Amino acid sequence: MSALISIKDLKVHFDLGGGGPLDRLFNPKSVKRVVKAVDGVSLDIEERETLGLVGESGCGKSTLGRAILRLTEPTDGHVFYRDRDLAHLSQKQLREQRRHLQIIFQDPYASLNPRMTIGQIVGEPLETFRLARGREAEQRVQELLETVGLSKRFIKRYPHEFSGGQRQRIGIARALAVDPDFIVADEPISALDVSIQAQIMNLMERLRRERNLTYLFVSHDLRAIRHVSDRVAVMYLGKLVEIAGAKAIYDNPLMPYTKALMSAVPVPNPRVEATRRRLVLEGDVPSPINPPSGCRFHTRCPWAIAECRLTEPQLQEIQPHHWAACIRISPEQPYIEQASSGSQ
Amino acid sequence: MTNLLEVKNLRTYFETDDGVVKAVDGISFDLKRGQTLGIVGESGSGKSVTNLSIIRLIPEPPGKIVSGEVVFNGNDLLLQSNEAIRKIRGRRIAMIFQDPMTSLNPFMKISKQLMEMTQLHLGHTKTQARAHAIRMLETVGIPDAHARADSYPHEFSGGMRQRVMIAMALSCEPELLIADEPTTALDVTIQAQILELIKKLKRETGTSVILITHDLGVVAGMTDHVIVMYAGKIFEQAPTNELFAKPGNPYTKGLLRSVPDPTAEQGKLYQIPGLPPDVAHLKPGCPFAPRCDRVEEICKQEFPPFVQLNADHHSLCHFAREVYSESGGTPA
């Protein structure tokens, strides 16, 4: 396998102002405030895989997904797609590449123009990229609707006539119109009912097989991530903290934050729930403005030692194909429970 | 054990331009003291309207409780005066909603909002109420409660606000706590904190709980009994272990199979076809018939019976016994 998308040290910082000469004139203590939403992420997305990206709100997972497509401008770093660095293309060159890189949004209500018919919405990318027109375009739109499980009779209807699940199908059809290689799915099932979530996950899985797609599946829903992904990357306050196969990351999480995250997932099985021991974290996720020093998780980590406040951990391959960022574990000593010295 | 709450044949309808929406249509259930009942369903199934009907918070018009009884401690709440209900609400039956920000007054200090509860219901003086408020904030795990009591809601995170809501709900030691999607808006590690907190407080105070949620994982970990709602009806009700192990209704069965279990092998997910029904335009017959994988002619013609499968296991289905047997149950 080779990487379809290769992200190198990507950063997305949002400047909130403060700290300038004028600010200091009115408030001598004013400091520059920067949200480091994505702060040095390197990641390869292999051809035809589904890479799940999980984390809690504010961890930067959606920003990372958007920055890959440059829907949010990266501050620094590279995103290689077929030997081109998307992060440094001109707008014109970027537009040509966008044909191969698409996105599906969380809110199917907000992402479809209410004044366009379904046919216009799904057909618009065909026109934009001059892929088809007239009767041929109409034919393509009908095929696309059928591919995502919608009747071609819907072509003249408007978004408000559809349910959430159907609108998500329309969003998928629009993304498929240009026959992309890569799709960022940003929380594609979070707004949907349980019975509809399964429909959309199965649809996306089928399309991936049939059309050789590669997905970055961004979600906070760990059960869905476990189900759809080949590999999973976990994000915390702008950094990747663990990457591994979906089964490994659920059954054998190594980094403490991942452990807590996986143990917090409610399992739909009362017998499992009755005997489970949860690692319940204290406190909330700290603010991404001026995040904690060293390991960003040290403020909530039950195993943190003084060193964790100072040293920023790097991702290292602790077990084969299983990367984690924690200074207290190593290939020789992969389990933090056994790294007892200095812990509580 | 005695029943704290008995809901009998409750019907709550809404008048709309589109016709009468039978949001809750003839449901009955009991809640024993000290137990937790889960109500699961998809959007529009009537689970929240059931809860609002119990505490008489249905906006009228357009809504109306058309018939039924809600017997709480031997008294039918639907027959009480508004004034009598106000004394019960918050004092003996408390509620937590999904979004704590819309349930807290943004212009009022947290302490003041908590104090109002006990000043009103328990006749506390200002000093007593303040001491009690701070004690409650400590109970729900607000760090440095003394100092933070005088914050405003916007200064708290979502998880902290939900803790404040729980502190407020429990401050008069209610007999019944109704929690409507209490963790849906929260992150998963915060959800785990809040669920642990509700469990702990329930153990300590013996409060009965009705937990309304769409998340079958939350139901599995928190409840003793479960009610599954669909199109304003109870489709199945059973003890939690029994319902997950031996579902007796095709809808429940489909729902359970469509949720990925991270502890099991990941095969292809079962999917229930189609969409939840429009309750304003229900056809005769079973409301689930258009989506059911074992539908037969009778399902389209006749409304299904509520079949008793076991001592406290019921299912609304023409083929409830067959479905139950296929799940490994032995119908009584």
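Each residue is numbered by its place in its chain's sequence as written, counting from 1. For naming, the first written chain is A and the first written ligand is 1, with later ones following in the order written. pLDDT decides what is reported in this predicted model: residues at 70 or higher carry local features, side-chain atom pairs at 80 or more are listed and counted, and totals for whole chains, interfaces and linings draw on all residues regardless.

*Asks:* For the overall build of chain A, give the residues involved together with the corresponding values.
*Replies:* In terms of helices and strands, chain A carries eleven helices and twelve strands. The globule rule is 2.2 Å times the number of residues to the power 0.38, and the radius of gyration it is compared with is taken over C-alpha atoms. Over its C-alpha atoms chain A spans a radius of gyration of 22 Å, differing by no more than 12% from the 20 Å that the globule rule assigns to 344 residues. Counting only C-alpha atoms and orienting by the principal axes, one finds that chain A spans roughly 70 × 60 × 40 Å. Within chain A, buried positions represent 45% of all 344 residues. A residue pair is marked as a contact if its C-beta atoms, positioned from the backbone, fall within 7 Å. Intrachain contacts of chain A at a sequence separation of at least 6 include 63% that bridge at least 24 residues. Runs of H or I in DSSP of at least four residues are treated as helices and runs of E of at least two as strands, each being numbered from the N terminus. Remark: C-beta atoms are placed from the backbone, and a residue is labelled buried if 20 or more other C-beta atoms sit within 10 Å of its own, exposed if 12 or fewer do, or partly exposed between those counts.

*Asks:* Go over the overall build of chain B with me, naming the residues and quoting the values.
*Replies:* In terms of regular secondary structure, chain B is built from 13 helices and twelve strands. Rg of the C-alpha trace for chain B: 21 Å, near the compact-globule value of 20 Å for 332 residues, within the 12% margin. Considered along the principal axes of its C-alpha atoms, chain B spans approximately 65 × 50 × 40 Å. When burial is assessed residue by residue, chain B has 49% of its 332 residues classed as buried. Partitioning the contacts of chain B with sequence separation of at least 6, the portion at a separation of at least 24 is 63%.

*Asks:* Break down the packing of helix α7 (residues 158-170) of chain B against helix α8 (residues 188-205) of chain B for me, with residues and values.
*Replies:* All names here are of chain B. Contact geometry for α7 and α8: axes closest at 10 Å, N-to-C directions at 15 degrees. Relative to α8, the element α7 is oriented roughly parallel. When you trace α7 past α8, the crossing you get is right-handed. In contact with Gly 158, Gly 159, Gln 162, Ile 166 and Leu 170 of α7, α8 contributes Ile 190, Gln 193, Ile 194, Leu 197, Leu 201 and Thr 205. Only the contacting stretch of a helix is used when fitting its axis, a line to C-alpha atoms as for every element, and angles between N-to-C directions run 0 to 180 degrees. For this classification, under 35 degrees means roughly parallel, over 145 means roughly antiparallel, 65 to 115 means roughly perpendicular, and everything else is oblique. Handedness of a crossing follows from how the near helix is turned relative to the far one, being left-handed for an anticlockwise turn of less than a right angle and right-handed for a clockwise one.

*Asks:* Describe the sheet that holds strand β4 (residues 63-72) of chain B, naming the residues involved and giving the relevant values.
*Replies:* All names here are of chain B. The rule for pairing is simple: two strands pair if DSSP sees at least two bridges between them. Here four strands make up an open sheet; going across it, the order is β2-β1-β4-β5 and the pairing antiparallel. Looking along the sheet, the strands with just one partner apiece sit at the ends: β2 (19-32) and β5 (75-76). The pairing of strand β1 (residues 3-16) with β2 spans eleven bridges and is antiparallel. Residue pairing in the sheet places Thr 12 in a bridge with Val 24 of β2.

*Asks:* So, the interface of chain B and chain A: which residues are in play, and what are the values?
*Replies:* Contacts between the two partners involve 38 residues from chain B and, on the opposite side, 33 residues from chain A. Elements with a minimum of two residues in the side of chain B that touches chain A: α8, α9 (216-222), α10 (240-245) and α11 (250-257) of chain B. Looking at the side of chain B that touches chain A element by element, the count peaks at seven residues for α8 of chain B. Residue composition of the side of chain B that touches chain A, by class: 17 nonpolar, 15 polar and six charged. As a working rule, the residues Ala, Val, Leu, Ile, Met, Phe, Trp, Tyr, Cys and Pro are called nonpolar, Asp, Glu, Lys and Arg charged, and the rest polar, with Gly in that last group.

*Asks:* Describe the packing of helix α4 (residues 118-128) of chain A against helix α5 (residues 134-147) of chain A, listing the residues and the values that go with them.
*Replies:* Residue and element names in this part refer to chain A. Interhelical geometry of α4 versus α5 gives an angle of 120 degrees and a closest axis separation of 9 Å. Viewed along their axes, α4 and α5 adopt a mutual orientation that is oblique. Read as a crossing pair, α4 and α5 show a hand that is right-handed. Of α5, the residues touching α4 (which contributes Gly 119, Val 122, Gly 123, Leu 126 and Glu 127) are Ala 137, Arg 140, Val 141, Leu 144 and Leu 145. Classifying every residue of the contact of α4 with α5 gives six nonpolar, two polar and two charged.

*Asks:* Can you break down the sheet that holds strand β12 (residues 322-324) of chain A residue by residue, with the values?
*Replies:* Backbone-to-backbone hydrogen bonds pair the strands of a sheet. The strands run either parallel or antiparallel. Residue and element names in this part refer to chain A. Here eight strands make up an open sheet; going across it, the order is β6-β7-β8-β3-β9-β10-β12-β11 and the pairing mixed. Two strands lie at the open edges of the sheet, namely β6 (101-104) and β11 (316-319), each paired on one side alone. Each strand of the sheet is rotated relative to its neighbour by a mean of 25 degrees, with strand direction disregarded. Where strand β7 (residues 182-186) and strand β8 (residues 214-219) come together, five bridges link them in parallel fashion. Looking at the pairing, Asp 186 lines up with Val 218 of β8. Helix α6 (residues 164-176) contacts β6 and β7 of the sheet and is inclined by roughly 175 degrees relative to β6.

*Asks:* Would you mind going over the pairing of strand β9 (residues 231-236) of chain A in detail, with residue names and values included?
*Replies:* Residues and elements named next belong to chain A. For β9, the buried fraction is high: six of the six residues fall into the buried class. Residues of β9 alternate between two faces, with Arg 231, Ala 233 and Met 235 on one and Val 232, Val 234 and Tyr 236 on the opposite face, all of them buried. Across four bridges, the pairing between strand β3 (residues 50-54) and β9 is parallel. Within the sheet, the bridge partner assigned to Gly 52 lies in β9 and is Val 232. Pairing of β9 with strand β10 (residues 239-245), which is carried by six bridges, proceeds in the antiparallel orientation. When the bridges of β10 are listed, Arg 231 appears paired with Gly 245. In sequence, β9 turns back onto β10 through a hairpin of two residues, with Leu 237 there showing a positive phi of about 45 degrees.

*Asks:* Before we move on, can you summarise the pairing of β6 of chain A with the specific residues and values?
*Replies:* Residue and element names in this part refer to chain A. Where burial is concerned, the two faces of β6 agree: the one with Leu 101 and Ile 103 and the one with Gln 102 and Ile 104 are both buried. As paired elements, β6 and β7 share four bridges and run parallel to each other. From the neighbouring strand, Gln 102 faces β7, where its bridge partner is Ile 183.

*Asks:* An account of α4 of chain A is requested, with residue identities and associated values reported.
*Replies:* In an α-helix, one turn spans 3.6 residues, which is why side chains three or four residues apart end up on the same side. Residue and element names in this part refer to chain A. Residues Ile 118, Ile 121, Val 122, Gly 123, Pro 125 and Leu 126 constitute the buried set of α4. For α4, the elements touching its buried residues are α5 and α6. One or two residues past the end of α4 sits Arg 130, with phi positive at roughly 50 degrees.

*Asks:* Break down the environment of Arg 157 of chain A for me, with residues and values.
*Replies:* All names here are of chain A. Tracing the chain through its elements places Arg 157 in the loop between α5 and α6. Spatially, the C-alpha atoms of Arg 157 and Ile 329 are 56 Å apart, while their sequence positions differ by 172 residues. Once residues lying within four places of it in the same chain are set aside, the contact partners of Arg 157 are Thr 117 and Ile 118.

*Asks:* Residues and numbers for unusual backbone geometry, please.
*Replies:* Both trends apply: most residues other than glycine have a negative phi, and most peptide bonds are in trans. The linkage connecting Glu 60 of chain B with the following residue, Pro 61 of chain B, adopts the cis geometry, with an omega of -15 degrees. The phi dihedral of Asn 212 of chain A falls on the positive side, at around 50 degrees, and the residue is not glycine. For Asn 212 of chain A, the position within the fold is in the loop between α7 (194-211) and β8. Residue classification places Asn 212 of chain A among the exposed positions, given that 10 C-beta atoms sit within 10 Å. For Leu 237 of chain A, which is not glycine, the phi torsion reads 45 degrees and is therefore positive.

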